[in-house]
Amino acid sequence: MTRRCALATVVLAVMTTAAVGCGPFRFFQRFRNDNQPPVTKDSDAPQNPAVPPREVDDSPLKPVQDMLPPRPVLSGPLLRPEPETIPLEPAVLPRRPQTILALSGGGSYGAFTAGVLNGWSRTSNRPEFDVVTGVSTGALISPLAFMGSAHDFEMKKYYTEVQQRDVFAMRFWATIPFRDAVATAAPLRRIVASQVTEEMVRDIAAEHKKGRRLYVATTHLEGRRSVVWDIGAIACKGGDARQLICDVLIASSAVPGIFPPVPIHVQVDGKEVTELHVDGGVTAPIFVPPAVLEEAGKGQNRATLYVIIAGKEFPEPSRVRPRVLKVLSASGGALLYSHARRDVSNLYHMAKLSGVAFRAVSLRPDYPLEESAIEFDQNAMNKLFVEGVKVGVAGPVWVTEPPDRGPGEPAEIRTGPRFRSAP
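Just so you know, these numbers come straight off a predicted model, no measurement behind them.

**Thoughts on the overall build of the chain**
Looking only at helices and strands, the chain features twelve helices and twelve strands. Here the chain, with 423 residues, has 47% of them falling under the buried criterion. For the chain, the share of sequence-separated contacts (at least 6 apart) that also reach a separation of at least 24 residues comes to 79%. Within the structure as shown, the chain displays about 22900 Å² of accessible surface, and the carbon and sulfur contribution to it stands at 54%.

**A few points about the UniProt feature "short sequence motif: GXGXXG" (unreviewed entry) in the chain**
Mapped onto the present numbering, the UniProt feature "short sequence motif: GXGXXG" (unreviewed entry) falls on residues 105–110. Taken as a whole, residues 105–110 contains 17% helix and 0% strand, while its terminal C-alpha atoms sit 7 Å from one another.

**What to know about the packing of aromatic side chains**
According to the stated counting rule, one finds six aromatic pairs in the structure shown. Residues Trp120 and Tyr306 carry aromatic rings whose centres are separated by 5.2 Å and whose planes lie at 65° to one another, so their mutual orientation is edge-to-face. Taken as a pair, Trp120 in helix 3 (residues 110–122) and Tyr306 in strand 11 (residues 304–308) lie far apart in primary sequence, 186 residues in all. Tyr306 gets classed as buried once you look at its relative accessible area, which sits at 14%. Here the aromatic rings of Trp120 and Trp398 are separated by 5.2 Å at their centres, their planes lie at 65°, and the arrangement is edge-to-face. In this pair, Trp120 is assigned in helix 3 and Trp398 in the segment after helix 12 (378–393), connecting sequence segments 278 residues apart. The two residues Trp120 and Trp398 agree in class, both being buried. The aromatic ring of Phe146 is capped on one face by Arg212, whose charged end is 4.2 Å from the ring centroid.

**Brief notes about the pattern of salt bridges**
Per the stated rule, a full pass over the model turns up eight salt bridges. Across the pair Lys210 and Glu207 runs a salt bridge, and its minimum N-O distance is 3.1 Å. Overall, Lys210 belongs to the exposed group, its relative accessible area being 52%. Accessibility expressed as a relative area gives 11% for Glu207, which makes it buried. Beyond isolated ion pairs, a larger network of salt bridges with shared partners links Glu207, Lys210 and Arg212.

**With respect to the packing of helix 4 (residues 137–147) against helix 5 (residues 152–160)**
Helix packing geometry: the angle between the two helix axes and the distance between the axes. In the contact formed by helix 4 and helix 5, the axes pass within 9 Å of each other and the chain directions differ by 155°. Classified by the interaxial angle, the pair formed by helix 4 and helix 5 is roughly antiparallel. Helix 4 and helix 5 meet at a crossing whose hand is right-handed. Where helix 4 approaches helix 5, its residues Thr137, Leu140, Ile141, Leu144 and Ala145 are matched on the opposing element by Glu154, Met155, Tyr158 and Tyr159.

Conventions and cut-offs
Residues numbered from 1 in each chain as written. Predicted model: local features only at pLDDT ≥ 70, side-chain atom pairs only at ≥ 80, totals over all residues. Heavy atoms only, no water. Helix = DSSP H or I, 4+ residues; strand = E, 2+ residues; numbered from the N terminus. Buried < 20%, exposed > 50% of the residue type's maximum accessible area, 1.4 Å probe, protein only. Contact = heavy atoms within 4.5 Å. Areas by Shrake-Rupley, 256 points an atom, 1.4 Å probe, with all protein chains shown as cover. UniProt positions renumbered as here; feature names shortened; annotations may be inferred. Phe/Tyr/Trp six-rings, centres within 6.5 Å; stacked < 30°, edge-to-face > 60°. Lys NZ or Arg CZ within 6 Å of the ring centre and 35° of its normal. Salt bridge = Lys/Arg side-chain N within 4 Å of Asp/Glu carboxyl O. Axes fitted to C-alpha atoms, helices over the stretch in contact; angles between N-to-C directions. Parallel < 35°, antiparallel > 145°, perpendicular 65-115°, else oblique. Left-handed = near helix turned anticlockwise from the far one by under 90°.

Put into C-alpha cells, the structure is as follows:
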C-alpha cells in the first residue's frame, strides 16, 4: 500500500463516517433536567369523574428559537455548568451589528474565499465587519478578515504560496492503523503561530472592546456537538490567550483522520479537564450565532449577512465505478455538500426572520474544479485565488436566496424509466 493509497483510504472512511454518524445540524443544544418527575401520558393516568378534564391550550405556537435553550458560546478556558437556569448566550452586543461575514469550510478551496476578500477590497466598498465567523479553512481566514483589508497580503500569501508539505506531514503508512491520524499538523501549527502574533491578539482584543465580535466553531469530539469560541473575549483575558486561540484555529481545521484531534484544556465546575476538538465543519460547515442575527435585526437601519462559500454549492457529476471505496467517496461527498447547503438555507431563513438582508457568493458552477480540497496543489490554489479576485472585483455579485436545485436536477418526480434531461 502506498502513502497516497493510505491517505485516500482514510479520507474515504472519514467521509463515510460523516455520512452515517452526523445527525442534522442544530443551532441549539438541548439540555435535560434530571430533577423533573417523569411525564405521565393522559391515557395512562387513572380516570376520576370528579376531576374536570384538562383544558387544551390552543394559543399560537411559539417560534422554535423561543422554545429551545440557547447554544453555548465559550469565551475562554473557564466553562460554567449548563443547567437551564444559567443563560449561555453572550450578553447583548455593545453595538448592533450592521455587517456580518460568515466564512465556510472547504480546505484548499479557501483560496477562493481569500481571493474574493482581496478583490472586494479593491472596490473600496468592503465594509469593516461587525461580526466575523469562520469554520475550518474559514476559521484560518477569519482573524485576517476581521482585522480588515490591511491583512489581505497575508491572506493571499497563505493560499497561493503554500504547498501540501507546508500544511501537513504524512506519517509512515505502516503505523497509521495505530495512530490518531494519517498525518501530523505540525506544519499547519507553524503557519498559524506565525499568523497569530501577540500584536494580532492585542488588536483583536481592542476591536472586541469596541463591540466587534470574532467567532470560530470547532467540534467537541466526545460531546459530538458544535462549540463556538468567542476569540475576542479570549484575547481580552491575556495570559495564555495566544496559545488557546492557536489551538482553537487548528482544531477548527483538523479534518478527522487526516489531522489528529486537538486537546484543549478547560475548567468545568472547577475541575480541570481536557477536551478533544476536531474540524468544526463536521457539525457546522458554516454558522452565525442566533443571538447575533436577533440583535442585528433590531433598529431601523437594515443589517446585512454576507456568506462566502469556499467552493461550489453542488458537486460536479462524474461516473462512479461500482467499487466500495468509490461508492463511499461519492456518497460521503454528496452528504457533505448537502450538509453545507442546508446550513446556508438555515442562515437565510434565520436572517429573514430577524429582518437581516442575506447575501451569498460561491464558486461558479462551470469552473473546472478537479483537485481535492485536501490536496493543496499550489497551481490549483493560485487559479482559485484569481477566480475569487475576479468575483470580488465584480462587486461581488451576490445571490439573495439559498440554493434550490443543482444543475440538471429535474423539478418533477420520476414515474418511470423514461425521462428527459432538464435544460
